Amino acid sequence: MANELMLRMIVNGLRNVAVDNETLFEHLNLRALYYGRRRLFRPTPYRPPVPPYPSEERSQARAAELMSRVADKLALFVLHLGGTPATPVPLDREVDEADLLRLVIDWGTVQSAAYKSLPGLPVANVRYWR
C-alpha cells in the first residue's frame, strides 16, 4: 500500500497523543472543579451551521488565513523553545497525498512538543511521530 509507513506513524502518534490528551484534560477538569467553572469559564451555547454555506473558494481562502495565523503562533512557539523559525520555500509543484501525510506528521510533532513543554504535566515520554 502506498504511504503505509507514514500512515502507521500517524496511527502510532495519534495513539500516544490520545493518552496525553486524556492526562491534560483530566488536569484541566480538576482545575475547573477547584477554581469553579462559573467564575473563570463562560460557556458559549452551541450554534449549528446554517445555510447558505460559503463557497469552496471562500472556504479555502479562510482556511489559508487561519493557517497563516497558526504559522505565526508556531513561530512564537519555536522562539519559546529557543529555536529560530524558518520561512519555507514555496512549492513549485502540485501537492500530493504524501505531502499532506507528511504535514499531518509534522503537526503531530508540534503537538507533542507543546505537550512536553508544559511544566508539571506528566505526558508520555515515548517517541511520538518519528
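Residues numbered from 1 in each chain as written. Predicted model: local features only at pLDDT ≥ 70, side-chain atom pairs only at ≥ 80, totals over all residues. Heavy atoms only, no water.

K.L.:
Kindly report on the layout of surface pockets, identifying the contributing residues and their values.
P.N.:
If you roll a probe as big as a water molecule over the atoms, it shows you where there is empty space left. By volume, the largest pocket amounts to about 930 Å³. Along the walls of the largest pocket sit 25 residues, with Met 67, Ala 71, Pro 88, Leu 103 and Trp 107 positioned nearest its centre. Secondary structure elements with two or more residues in the lining of the largest pocket: helix H3 (56–80) and helix H4 (97–117). In terms of residue class, the lining of the largest pocket is built from 15 nonpolar, three polar and seven charged. (1 Å grid on protein atoms, 1.4 Å probe; cavity = no way out; pocket = protein on both sides within 12 Å on 5 of 7 lines; lining within 4 Å. Points joined across faces, edges and corners; volume = space filled by probe spheres on them. Helix = DSSP H or I, 4+ residues; strand = E, 2+ residues; numbered from the N terminus. Nonpolar A, V, L, I, M, F, W, Y, C, P; charged D, E, K, R; others polar.)

K.L.:
Pulling in residues and values, what's your account of a nonpolar patch on the surface?
P.N.:
Together, Met 67, Val 95, Leu 100 and Leu 103 line one region of the surface with nonpolar side chains, adding up to about 340 Å² of accessible area. Here Leu 103 shows up in helix H4. Residue classification places Leu 103 among the partly exposed positions, given a relative accessible area of 37%. (Patch = residues over 30% accessible without salt bridge, like charges linked within 9 Å, V, L, I, M, F, W, Y side chains within 5 Å. Areas by Shrake-Rupley, 256 points an atom, 1.4 Å probe, with all protein chains shown as cover. Salt bridge = Lys/Arg side-chain N within 4 Å of Asp/Glu carboxyl O. Buried < 20%, exposed > 50% of the residue type's maximum accessible area, 1.4 Å probe, protein only.)

K.L.:
Give a description of the pattern of salt bridges that names residues and reports values.
P.N.:
Tallied over the full model, the rule gives four salt bridges. With its nearest N and O atoms 2.9 Å apart, the salt bridge here joins Arg 62 to Glu 65. With Arg 62 and Glu 65 both in helix H3, this residue pair falls three residues apart, about one helical turn. On the basis of relative accessible area, Glu 65 is assigned to the partly exposed category, the value being 39%. Between Asp 99 and Arg 102 there is a salt bridge whose closest N-O contact spans 3.2 Å. Of this pair, Asp 99 and Arg 102 both sit in helix H4, separated by three residues, roughly a single helical turn. Using a relative accessible area of 16% as the deciding quantity, one classes Asp 99 as buried. What you see here is one network of salt bridges that share partners, running through Arg 62, Glu 65 and Arg 69.

K.L.:
A description of H4 should follow, citing residues and the corresponding values.
P.N.:
A turn of α-helix holds 3.6 residues, and therefore any two residues three or four places apart point the same way. Its 21 residues give H4 an end-to-end C-alpha distance of 31 Å, which sits within 8% of 30 Å, the value for a rise of 1.5 Å per residue. Taken together, the buried positions of H4 are Ala 98, Asp 99, Leu 101, Ile 105, Gly 108, Ser 112 and Tyr 115. Packed against the buried residues of H4 are helix H1 (4–35). (Expected span 1.5 Å × (residues − 1). Contact = heavy atoms within 4.5 Å.)

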